[in-house]
Amino acid sequence: MSSTGKNPFQHIVEPLDPKDPKQKFYNLSKLGDPRYDRLPFSIRVLLESAVRNCDEFLVKRSDVESILNWKQTQTQTVEVPFRPARVILQDFTGVPAVVDFAAMRDAVMKLGGDPEKINPVCPADLVIDHSIQVDFNRKSDSLQKNQDLEFDRNRERFQFLKWGSKAFRNMRIIPPGSGIVHQVNLEYLARVVFNYNGYFYPDSLVGTDSHTTMIDGLGVLGWGVGGIEAEAVMLGQPISMVLPEVVGYKLCGTPDKFITSTDIVLTVTKHLRQVGVVGKFVEFFGPGVAQLSIADRATIANMCPEYGATAAFFPVDHVSIQYLKQTGREAEKLAYITKYLKAVSMFRSYNDVSQDPDFSQVVELDLSTVVPCCSGPKRPQDRIPVSDMKSDFKTCLEAKQGFKGFHVTPERHSIQVPFQFNGKEYSLSHGSVVIAAITSCTNTSNPSVMLGAGLLAKKAIKHGLSVKPYIKTSLSPGSGVVTYYLKESGVMDYLSQLGFEVVGYGCMTCIGNSGPLPEPVVEAITQGDLVAAGVLSGNRNFEGRVHPNTRANYLASPPLVIAYAIAGTVRIDFEKEPIAINSEGKEVFLRDIWPTREEIQAVEKTFVIPSMFKEVYEKIEKVNERWNSLVAPSDKLYTWDPKSTYIKSPPFFDGLTMKLQPPKSIQDAYVLLNLGDSVTTDHISPAGNIARNSAAARYLTSRGLSPRDYNSYGSRRGNDAVMARGTFANIRLFNKFLNKQAPHTIYLPTGETLDVFDAADRYQQSGVPLVVLAGKEYGSGSSRDWAAKGPFLLGIKAVIAESYERIHRSNLVGMGVIPLEYLPGVTADSLGLTGRERYTITIPEQLTPRMLVDVKLDTGKSFQVRMRFDTDVELAYFHHGGILNYMIRKMSQN
């Protein structure tokens, strides 16, 4: 999307091929600036976007200079605009985005503007992948039953999305049952280089899911943003970002033949957490990169949010082009992708050290040092070598409650709880595996680990091994291609025999859509107060996310998921103990059934072929018959149904006028919640099941629904009444007011313990503002705009925290909630704050980015905090009451 006429860099435009003068590009090498070839490849993408979109209004010539001067600006906070080429959404975040667009059209109409101005101006793809749950498993018809149930539960949402695909230009919907957004992006949607409107330019994107970074593994710069920010990008606003530091991550050495890409990514995650890369780009280089397939690189890039970086970039090389060929991209596209990237010095040879750019910092990993590992039991960065799993779990059992502790007294460590299942007697203990899920695009996009799981299953069956029937096993691939090659290679039958039937094409267990456990299993866990375990090939294992009854959750490679399912417990040392005793009474060890890298590669070479990708993706938008037959309205303005419990016009724009109100100080606010470190967006706005005793359940019951129809919070994100009640409704929320985990708080005026929503509602009725106190990494985890919208609707005016996760801070800004940060070395504890004080926060009329403001308490104490509006653009959004209000006023001007 190049500018016309006004662009001061028009002189460097030239044809890519002299024989076709209509197909042009901005030749950055013609800038004649020696700084360009020293820039990290990821920064070159930002530069190209700034050059191409320079109009001296939204993008200025000085912004181009700032990016070229990247190396000299490392110690400064330099703000630059970035216009991504496209936007990607999934349905949990996509539904509220389309709801906002529909409501914005109404608001623009009321203010006298043209509602059709609310329309994506860049391509936006929405993949429906978050709605399907593991209700049925272990049967050959599980897939069909789960998909039918998904449609029955979500028909209203799907009709609404189908309306959106008709009402808005540039919006494509990939129907349910197609796959997981990031895997579909990797295998099908990614352009790598755009050929649009007569111009070639690098593919780049932002997505409403934090794991959008997976596409960085293919050399496409992308990262997750809040849904609110993505909506602004879709409406033509550039992202305002602080020019990031770029950490060069050098890979060298060769991995052991038994190592998987999952082991590598969990090692990288822990390492980069220790290095500290929050808010930075990570760019991979070195000879070790050339040994990694694109699927391996994509796995590492996918878990970028878990190590805290903004992006995890692998520049395009010959392996990227081979992958595009393998996944069925046309030869003509491969030719111009290669030619363009070489012309602008964005094509990489990882063995050529002369191409290594400047970095802010360089860290190194020798791949030969990587060992088989898992991560858990509550955080993805807590890596454990498989050889230490048994001892680590024992340590966690007795350790005090925390990220690595469950506080189980020693006399209860060996407790056994017997139960009956399908007429047979079994028993559970601490560490018993009750969920084993091969799930998530993190791993199911990678043929090597999926075929590795299949080959391990084949060897396990031939050794006479099985998985206990009460363990909830599942296989939810990220695309139909996976099932295709698992069947063609002959391993699918063995996976099925172990209980790993395909249950759906979607995120499923990875996002908490794990479905119910068998009732006898739940009763045994509850009776013994057991720390039961889930093992999944996902990217997140935060407490309360995977399933309410699995307090310990471990991330592992797909082969290890099967291994722990066969063992039935995580309290096992695979090196010293047999994985199981087979039907003949013989000990079988994990090493007896573990496939080597060479075995896997031989099968992959034969069975993962371009024709599979072409066949699956040629019909992706038409293959779901129920979607095809779904009737949706075609009006440009949405007709809201007051009876709907899924789709509701939000109150964000009620009473909005063209006139701006000056910012107001926050007077005598109460603290709604007093929280600690690493409060995730799952704690703030859970996506999983709606508990029967929750405020949201009471609301749905009042609307005539029975518990079986509640569905999940994630599926109800188009209804603000449900989502406001679901805010801080996670059963694992630890509130210092209560000194225990519960979705409750104390209503300070009376001392009553109430559901968080009910307490906030009382405060709002009495006209009292609210604040939240928090520790480090507030809002870590999934990109989730309702984690900002919900607090806004509860009347929370500000959050005071030690630090913020990048996307969540941006979302708070987008909703007009003020993110405040304690000064370095200062905490709630060091200030002696109890949370029972009344807080007055002085907001001056003249605001500047990152300024200090005063906080005064009714006790007489006062202190300063930093206001985390980091750029002038963010301040503009705040003055308007949020980014969407800003856009509505802008679009309403004639």
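Residues numbered from 1 in each chain as written. Predicted model: local features only at pLDDT ≥ 70, side-chain atom pairs only at ≥ 80, totals over all residues. Heavy atoms only, no water.

## Brief notes about the overall build of the protein
Okay, step 1: Scanning the protein from terminus to terminus reveals 30 helices and 36 strands.
Okay, step 2: Taking 894 residues into account, the globule formula puts the C-alpha radius of gyration at 29 Å, and the protein, at 26 Å, falls close to it.
Okay, step 3: For the protein, the spread of C-alpha atoms along the principal axes amounts to about 80 × 75 × 55 Å.
Okay, step 4: Burial statistics for the protein: of 894 residues in total, 64% are counted as buried.
Okay, step 5: Here the contacts in the protein between residues at least 6 apart in sequence split such that 75% fall between residues at least 24 apart.
Okay, step 6: Carbon and sulfur atoms make up 49% of the accessible area of the protein, which amounts to about 31300 Å² in all.
Okay, step 7: Side chains of the protein give 99 positive and 95 negative charges; the mean places of these two sets differ by 2 Å. (Helix = DSSP H or I, 4+ residues; strand = E, 2+ residues; numbered from the N terminus. Rg over C-alpha atoms; globule rule 2.2 N^0.38 Å. Buried < 20%, exposed > 50% of the residue type's maximum accessible area, 1.4 Å probe, protein only. Contact = heavy atoms within 4.5 Å. Areas by Shrake-Rupley, 256 points an atom, 1.4 Å probe, with all protein chains shown as cover. Lys, Arg positive; Asp, Glu negative; His and termini not counted. Charge placed at Lys NZ, Arg CZ, Asp CG, Glu CD.)

## Digging into the packing of aromatic side chains
Okay, step 1: Summed over all chains, the structure comprises 31 aromatic pairs.
Okay, step 2: Geometrically, the ring pair formed by F419 and Y470 is edge-to-face, given 5.2 Å between the ring centres and 80° between the ring planes. Here Y470 lies in the loop between helix 14 (447-462) and strand 21 (472-475) and F419 lies in strand 18 (residues 416-421), a separation of 51 residues in the sequence. One exposure class covers both F419 and Y470, and it is buried.
Okay, step 3: Three or more aromatic residues joined by ring pairs make a cluster, and in this case those are F101, F160, W163, F168, Y638 and W640.
Okay, step 4: Over the aromatic face of Y201 sits the side chain of R52, whose NZ or CZ is 3.8 Å from the ring centroid.
Okay, step 5: The lysine or arginine in question, K342, covers the ring of F347, its NZ or CZ lying 5.0 Å from the ring centre. (Phe/Tyr/Trp six-rings, centres within 6.5 Å; stacked < 30°, edge-to-face > 60°. Lys NZ or Arg CZ within 6 Å of the ring centre and 35° of its normal.)

## Points about the environment of G655
Okay, step 1: Residue position: G655 is located in the loop between helix 22 (625-628) and strand 26 (666-674).
Okay, step 2: Along the sequence, G655 and A107 sit 548 residues apart, while their C-alpha atoms lie 9.4 Å from each other.

## A look at the sheet that holds strand 2 (residues 24-26)
Each strand in a sheet pairs with another by means of backbone hydrogen bonds, the pair being arranged parallel or else antiparallel.
Okay, step 1: The strand order across the open sheet built from 4 strands is 1-2-8-7, with neighbouring strands paired in mixed fashion. Edge positions in the open sheet fall to strand 1 (13-15) and strand 7 (193-196), since each of these has one partner strand only. On average, adjacent strands in this sheet sit at an angle of 35° to one another, irrespective of strand direction.
Okay, step 2: Where strand 1 lies against strand 2, 3 bridges are found, and the strand directions are antiparallel. Within the sheet, the bridge partner assigned to P15 lies in strand 2 and is K24.
Okay, step 3: Across the sheet, helix 1 (residues 41-52) lies against strand 2 and strand 8 (199-202), angled at about 145° from strand 8, the strand it touches most.
Okay, step 4: Its contacts with the sheet put helix 11 (residues 331-343) on strand 2, strand 7 and strand 8, and the angle it makes with strand 7 is roughly 105°. (Pairing = 2+ DSSP bridges. Axes fitted to C-alpha atoms, helices over the stretch in contact; angles between N-to-C directions.)

## Here's the deal with the packing of helix 3 (residues 91-110) against helix 4 (residues 142-167)
Okay, step 1: Between helix 3 and helix 4, whose axes approach to 10 Å, the crossing angle comes to 60°. Between helix 3 and helix 4, the crossing angle belongs to the class labelled oblique. Here helix 3 runs over helix 4; the crossing is left-handed. Contacts between helix 3 and helix 4 pair D91, F92, V95, V98, V99, A102 and R105 from the former with R157, F160, L161, W163, G164 and A167 from the latter. (Parallel < 35°, antiparallel > 145°, perpendicular 65-115°, else oblique. Left-handed = near helix turned anticlockwise from the far one by under 90°.)

## Here we look at the sheet that holds strand 34 (residues 839-841)
Okay, step 1: An order of 26-31-32-33-36-35-34 is seen for the 7 strands of this closed barrel, with the pairing classed as mixed. Direction aside, the axes of adjacent strands within the sheet are offset by 40° on average.
Okay, step 2: Two strands pair when backbone bridges link them, and strand 31 (residues 770-773) and strand 32 (residues 796-801) are joined in this way by 4 bridges, in the parallel orientation. Looking at strand 32, one finds that L773 is bridged to I800.

## Focus: the packing of helix 14 against helix 20 (residues 597-607)
Okay, step 1: With their axes 9 Å apart at the nearest point, helix 14 and helix 20 run at an angle of 110° to one another. Looking at the two axes, helix 14 sits roughly perpendicular to helix 20. As helix 14 packs across helix 20, the resulting crossing turns out to be right-handed. Two secondary-structure elements touch here, helix 14 through P447, S448, L451, G452, L455 and K459 and helix 20 through E599, I600, V603 and E604.
Okay, step 2: Residue composition of the contact of helix 14 with helix 20, grouped by class: 5 nonpolar, 2 polar and 3 charged. (Nonpolar A, V, L, I, M, F, W, Y, C, P; charged D, E, K, R; others polar.)

## Section: the nonpolar core
Okay, step 1: Ranked by internal contacts, the top residues of the largest apolar core, which has 307 residues, are Y564, I579 and Y778.
Okay, step 2: Per-element accounting of this core gives the leading share, 11 residues, to helix 3.
Okay, step 3: Aside from chain neighbours lying at most four places away, what touches Y778 is L675, V679, I684, F728, V772, V799, A801, S803, Y804, E805 and H808.
Okay, step 4: Residues I690, L705, Y713 and A721 belong to the second largest nonpolar core, which totals 11 residues. (Core = buried A, V, L, I, M, F, W, Y, C linked by side-chain atoms within 4.5 Å.)

## Quick look at the state of the cysteines
Okay, step 1: Under the definition given, this model contains 0 disulfides.
Okay, step 2: Among the cysteines around C122, which has no disulfide bond, C54 carries the closest sulfur, lying 19 Å off.
Okay, step 3: Here C122 falls in the buried class, since its relative accessible area comes to 1%.
Okay, step 4: Not engaged in a disulfide, the cysteine C304 finds its nearest cysteine sulfur in C441; these two sulfurs lie 13 Å apart. (Disulfide = S-S within 2.5 Å.)

## Focus on helix 27 (residues 786-793)
Okay, step 1: The element helix 27 is largely enclosed, with a buried count of 7 among its 8 residues.
Okay, step 2: Among the residues of helix 27, W786, A787, A788, K789, G790, P791 and L793 are the ones counted as buried.
Okay, step 3: Of the residues trailing helix 27, G795 is marked for its positive phi of about 90°.

## Regarding the pairing of strand 29 (residues 744-747)
Okay, step 1: Bridge count between strand 29 and strand 30 (residues 752-755): 4 bridges; the pairing is antiparallel. Counted as the bridge partner of T745 is L754 from strand 30.
Okay, step 2: Between strand 29 and strand 30, which pair antiparallel one after the other, the connecting turn spans 4 residues, and G751 there sits at a positive phi close to 80°.

## Things to note about the pattern of salt bridges
Two side chains with opposite charge may pair up if their charged atoms get near one another.
Okay, step 1: Going through the model one piece at a time under the given rule, you end up with 43 salt bridges.
Okay, step 2: Across the salt bridge formed by R35 and D33, the nearest N and O atoms sit 2.7 Å from each other.
Okay, step 3: Classification of R35 by relative accessible area gives partly exposed; the value is 24%.
Okay, step 4: Residue K280 is joined to E245 by a salt bridge in which the shortest nitrogen-to-oxygen separation is 3.7 Å. With K280 in the loop between helix 7 (261-275) and strand 13 (281-285) and E245 in the loop between strand 11 (239-242) and strand 12 (246-252), this residue pair connects regions lying 35 residues apart in the sequence.
Okay, step 5: Judged by relative accessible area, K280 falls into the buried class, the value being 17%.
Okay, step 6: Among the charged side chains, a network of salt bridges with common partners joins R809, E821, R850, R868, D870 and E874. (Salt bridge = Lys/Arg side-chain N within 4 Å of Asp/Glu carboxyl O.)

## A few points about the side chain of N27
Okay, step 1: One can find N27 in the loop between strand 2 and helix 1.
Okay, step 2: Once residues within four sequence positions are removed from consideration, N27 is found in contact with I12, E14 and A343.

## Side note on the environment of S665
Okay, step 1: Within the secondary structure, S665 sits in the loop between helix 22 and strand 26.
Okay, step 2: S665 gets classed as partly exposed once you look at its relative accessible area, which sits at 27%.
Okay, step 3: When the C-alpha atoms of S665 and I841 are compared, they prove to be 5.8 Å apart, with 176 residues separating the residues in sequence.
Okay, step 4: The residues touching S665, leaving out its near neighbours within four places in the chain, are I841, T842 and I843.

## A word on unusual backbone geometry
Okay, step 1: For the bond running from G376 to P377, omega is 10°, close enough to zero to count as cis.
Okay, step 2: Within the fold, P377 resides in the loop between strand 16 (373-375) and strand 17 (383-385).
Okay, step 3: Of note, N711 is a non-glycine position whose phi angle comes to about 65°, a positive value.
Okay, step 4: For N711, the position within the fold is in the loop between helix 24 (695-702) and helix 25 (720-726).

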